[in-house]
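Examining the three-dimensional arrangement
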Amino acid sequence: MQTVEGIPVPTRSNPQEKIADGEVPPTQRPKKAKDKTGTPPSRFSLRMTAGWWRSLQCIGMSLHFLAPPRPPSSDFTKTIPSTLSTQKGQFDLHFYLPEGYKKDPSSDKWPVVVNFHGGGFTLGSASDDARFARFILEKCHAVFVSVDYRLAPEFPFPTAVDDGGDAILYIIKNAAELRLDSNRIATSGFSAGGNIAITAPIRLFEHRKTAEVPEYRILAIATWYPITDYTLSRAERRATALRPEATLPPALTNLFDASYLFPPELNLAHPCLSPSRASDELLIESLPPNVIFYTCEWDMLLHEGQEFAERLQKPPISKNVHYTMIPGVAHGWDKGPNPMKPPPKSERLYGECCGKLKGIFEEDQTHSILHLPLKLHVPSLLNPKSKDGSSSE
């Protein structure tokens, strides 16, 4: 039995899947959405199927939240209008506040982590990462803002990324009122949300070319097992996985792809869809200097994640990348629905990630107070964690 976004799913003895009508064979790289999904089900059918999976996930996440220590609830919610998307509407931002923020109403300039939940752009809600939020509050002493971005199939690409850009833009424009430091922003996300944590800054960078945006700085991205390259077929990914039977089942991945990748002529190499396909220049200019990157050993997304992390670190991009491959776990392992205890390794790794974010926030604040230029770390060779998950550095 494996867990997918909080949903128990039987492990498959035969991970092979059928090729849909119109889908390109595994030996070819899909270029457009129709090459990847074939002839998809109707949008109505997709909405019905997604609704069923959402109900299951709600049950799984309810069990996940029961394990001690219980995760926090959000302190307040802001409903904001979409401004970047052609699909006008609104969505919610859930604010989690550290203890010092609540005790001292006169305090300001709090660092902020803008988070995006997982679920294949089709499932999930802003509360899914509340366990991670606890570590942001306690270890980073930062405000945690979880984005309830709009989901596919009702809102296919690029709505989720547009909402991500809008969430950051709202934080920037309302930083003074919210007592936040618009020069100490980080993004984070899990799975599909890990993709948005990378692509929302790209979307906002592109928006700045045509609109005036107040001064801001995104200092870091913390991305957990993200999908980064939609030009890879699911069959190709499974074939390269260490344990193909432990990867996400085709019933879910087909739903995710058919829901999000629309219309059929959608270019799969779009940088806000597949950041691995973005140019070096765009990644240099749009992404922050620090990237904290986690992959899972049994995940079909392992190789593309590792390759992208390596590319971000090497010249000419030269980001400061902290990369960790988590051994012995599958995609989304940290959302397991065990009501007795948190998933193995999750608490330690959350704490490790937040320790890095805290160091980045504090270093930037020190340099700002002393009016010194920010000192960027010189990247060393990627050094994945050893088999017990500890650093070999």
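Everything quoted here is computed from the prediction, not taken from an experiment.

To continue, consider the packing of helix 5 (residues 159–173) against helix 7 (residues 192–207). Look at helix 5 against helix 7: their axes get within 8 Å of each other, and the N-to-C directions meet at 70°. The angle between helix 5 and helix 7 places the two elements in the roughly perpendicular class. Two packed elements cross with a definite hand, and for helix 5 against helix 7 that hand is right-handed. In this structure, helix 5 uses Ala-160, Val-161, Asp-162, Gly-164, Gly-165, Ile-168, Leu-169 and Ile-172 to contact helix 7, whose residues at the interface are Ile-196, Thr-199, Ala-200, Pro-201, Arg-203, Leu-204 and His-207.

Here the focus is the sheet that holds strand 8 (residues 218–224). A sheet is described by the order of its strands in space; here 8 strands give the open sequence 3-4-6-5-7-8-9-10, paired in mixed fashion. The open sheet has two edge strands, strand 3 (76–81) and strand 10 (320–326), and neither has a second partner. Sheet twist, expressed as the mean angle between neighbouring strand axes with direction ignored, is 20°. Here strand 5 (residues 110–116) runs beside strand 6 (residues 143–148); their pairing, made up of 5 bridges, is parallel. Each bridged residue has a counterpart across the sheet, and for Asn-115 the counterpart in strand 6 is Ser-146. Lying on the sheet, helix 5 is in contact with strand 3, strand 4 (90–96), strand 5, strand 6, strand 7 (180–190) and strand 8; it crosses strand 4 at an angle near 55°.

Let us look at the side chain of Arg-179. Structurally, Arg-179 can be placed in the loop between helix 6 (175–178) and strand 7. Buried within the structure, Arg-179 lacks any salt-bridge partner; its nearest side chain of opposite charge belongs to Asp-104, at an N-O separation of 5.9 Å. Within the structure, the side chain of Arg-179 is placed 2.7 Å from the backbone oxygen of Ser-107, a separation counted as a polar contact. Once residues lying within four places of it in the same chain are set aside, the contact partners of Arg-179 are Tyr-101, Asp-104, Pro-105, Ser-107, Asp-108, Lys-109 and Trp-110.

Moving on: the pairing of strand 9 (residues 290–296). The buried count for strand 9 comes to 7 of 7 residues, which makes it a mostly enclosed element. Across the two faces of strand 9 the burial is the same, with Asn-290, Ile-292, Tyr-294 and Cys-296 and Val-291, Phe-293 and Thr-295 all buried. Two strands pair when backbone bridges link them, and strand 9 and strand 10 are joined in this way by 7 bridges, in the parallel orientation. Within strand 10, the position partnered with Thr-295 by the bridge is Met-325. In this fold, the crossover linking strand 9 to strand 10 by way of helix 11 (residues 302–313) has right-handed handedness.

Checked against the element boundaries, Leu-219 lands in strand 8. If sequence neighbours within four positions are ignored, Leu-219 has contacts with Asn-183, Arg-184, Ile-185, Pro-288, Pro-289, Asn-290, Ile-360, Phe-361 and Asp-364.

The subject of this paragraph is a nonpolar patch on the surface. Nonpolar side chains collect at one region of the surface, where Ile-59, Leu-63 and Leu-66 lie side by side and expose about 250 Å² of accessible area between them. The residue Leu-63 is located in helix 2 (residues 43–66) in this model. Among the residues examined, Leu-63 registers a relative accessible area of 33% and is labelled partly exposed.

When you line up the elements, His-64 lands in helix 2. For His-64 and Pro-337, which are 273 residues apart along the polypeptide, the C-alpha to C-alpha distance reads 4.1 Å. Once residues lying within four places of it in the same chain are set aside, the contact partners of His-64 are Arg-131, Asp-334, Lys-335, Gly-336, Pro-337 and Pro-343.

Attention shifts here to the nonpolar core. Residues Leu-93, Val-114, Val-143, Ile-171 and Tyr-260 are the most contacted members of the largest nonpolar core, which totals 76 residues. Ignoring anything within four residues of it in the chain, the contact list for Val-143 reads Phe-95, Tyr-96, Leu-97, Pro-98, Tyr-101, Trp-110, Pro-111, Val-112, Val-113, Ile-136 and Leu-180. One finds Tyr-96, Cys-140, Trp-224 and Tyr-225 within the second-largest nonpolar core, a separate group that totals 33 residues.

For helix 5, spanning 15 residues, the distance from its first C-alpha to its last is 20 Å, which sits close to the expected 21 Å at 1.5 Å a residue. With 14 of its 15 residues buried, helix 5 lies for the most part within the structure.

So, how was this worked out
Residues numbered from 1 in each chain as written. Predicted model: local features only at pLDDT ≥ 70, side-chain atom pairs only at ≥ 80, totals over all residues. Heavy atoms only, no water. Axes fitted to C-alpha atoms, helices over the stretch in contact; angles between N-to-C directions. Helix = DSSP H or I, 4+ residues; strand = E, 2+ residues; numbered from the N terminus. Parallel < 35°, antiparallel > 145°, perpendicular 65-115°, else oblique. Left-handed = near helix turned anticlockwise from the far one by under 90°. Contact = heavy atoms within 4.5 Å. Pairing = 2+ DSSP bridges. Buried < 20%, exposed > 50% of the residue type's maximum accessible area, 1.4 Å probe, protein only. Lys, Arg positive; Asp, Glu negative; His and termini not counted. Salt bridge = Lys/Arg side-chain N within 4 Å of Asp/Glu carboxyl O. Polar contact = N/O pair within 3.5 Å; in protein donor to acceptor, adjacent residues only side chain to side chain. Right-handed = clockwise from strand over helix to strand, strands pointing away. Patch = residues over 30% accessible without salt bridge, like charges linked within 9 Å, V, L, I, M, F, W, Y side chains within 5 Å. Areas by Shrake-Rupley, 256 points an atom, 1.4 Å probe, with all protein chains shown as cover. Core = buried A, V, L, I, M, F, W, Y, C linked by side-chain atoms within 4.5 Å. Expected span 1.5 Å × (residues − 1).

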